[in-house]
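Observations on the model geometry
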Amino acid sequence: MSRSIVPAVLLVDGYNIIGTWPCLIKTRDHAGLEAARGELVEAMTNYSAFQGYETQVVFDAQYQNTPSNRETITNFLTVHYTDFGQTADTYIEKTCASLRHQIAQCLVSRMIVATSDRAQQLTVLGYGAEWLSAHQLCGEVETTVCRMRHRYQSQKQPKSRFLVNGIDPQARQRLTELRMRL
């Protein structure tokens, strides 16, 4: 029985991304942190599904006296809130350490960490992870959205005023024959 290989695990430092992406900063400042988190999760949902990445968006609960929490959004995306006193950085580092063993066993092909935190970047590189800055991730998400739109629009039939123009030529010919017999 063969094991399925995850193409990549993407770990996203949620608050670091929110504090870097201009659109999320604007949302955070005008509608609040909850709205910015929702917008980030939505963007990562689409990106992860399109790329086939297993994505974990990690948010600090460092100053909240609450236990850790994990929400499964889709098959590709989970959102993690850390334990009281734990930072997203330490969560990501522990996950990279455990993923390193899965890469050695060929269960995961790549691990990628998205953050603009320089110290975090150096740490995760030591675990064998790839690193994406918040700006690079933003660019990749925007590119993916454009590719998804292009793929969707190329699959759509051209808009026309008449229903007959949306029918393939053979069906159109058959309808004409039926109409002529009446």
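Residues numbered from 1 in each chain as written. Predicted model: local features only at pLDDT ≥ 70, side-chain atom pairs only at ≥ 80, totals over all residues. Heavy atoms only, no water.

**So, the side chain of Thr-78**
Convention followed: Numbering of helices and strands runs from the N terminus, with a helix taken as a DSSP run of H or I at least four residues long and a strand as a DSSP run of E at least two residues long. Only protein chains enter the area calculation, which uses a 1.4 Å probe; residues under 20% of their type maximum are buried, those over 50% are exposed, and those in between are partly exposed. Pairs of N or O atoms are called polar contacts if they sit within 3.5 Å, as long as, within protein, a hydrogen donor faces a hydrogen acceptor (for residues adjacent in sequence, only side-chain-to-side-chain pairs). Any two residues whose heavy atoms approach within 4.5 Å are treated as being in contact.
Mapped onto the fold, Thr-78 is located in strand β4 (residues 77-81). Among the residues examined, Thr-78 registers a relative accessible area of 8% and is labelled buried. Engagement of the side chain of Thr-78 in a polar contact is seen with the side chain of His-80, the distance being 2.9 Å. Discounting chain neighbours no more than four positions away, the residues touching Thr-78 are Thr-55, Gln-56, Val-57, Arg-70, Glu-71, Thr-72 and Ile-73.

**Concerning the pattern of salt bridges**
Put simply, the rule is: Definition used for salt bridges: Asp or Glu carboxyl oxygen within 4 Å of a side-chain nitrogen of Lys or Arg.
Going through the model one piece at a time under the given rule, you end up with 4 salt bridges. The salt bridge involving Glu-130 is made with Arg-110; its shortest N-O contact spans 2.8 Å. Here Glu-130, found in strand β6 (residues 130-132), pairs with Arg-110, found in the loop between α4 (88-104) and β5 (111-114); they are 20 residues apart in sequence, far enough to count as distant. In this structure Arg-110 comes out as partly exposed when scored by relative accessible area, which is 30%. In this structure, Arg-174 engages Glu-177 in a salt bridge whose closest nitrogen and oxygen atoms are separated by 3.8 Å. One end of the pair, Arg-174, and the other, Glu-177, are both in helix α7 (residues 169-181), 3 residues apart, so they sit about a helical turn from each other.

**Description of helix α3 (residues 33-51)**
Side chains that are three or four residues apart share a direction in an α-helix, a result of its 3.6 residues per turn. So the rule is basically this: Here, expected helix span is obtained from the residue count minus one, scaled by 1.5 Å.
Here α3 is 19 residues long and its end C-alpha atoms lie 27 Å apart, about the 27 Å a rise of 1.5 Å per residue gives. What α3 keeps buried is the set Ala-36, Arg-37, Leu-40, Val-41, Ala-43, Met-44, Thr-45, Tyr-47 and Ser-48. Backbone geometry just downstream of α3 places Gly-52 in the positive-phi region, at approximately 80°.

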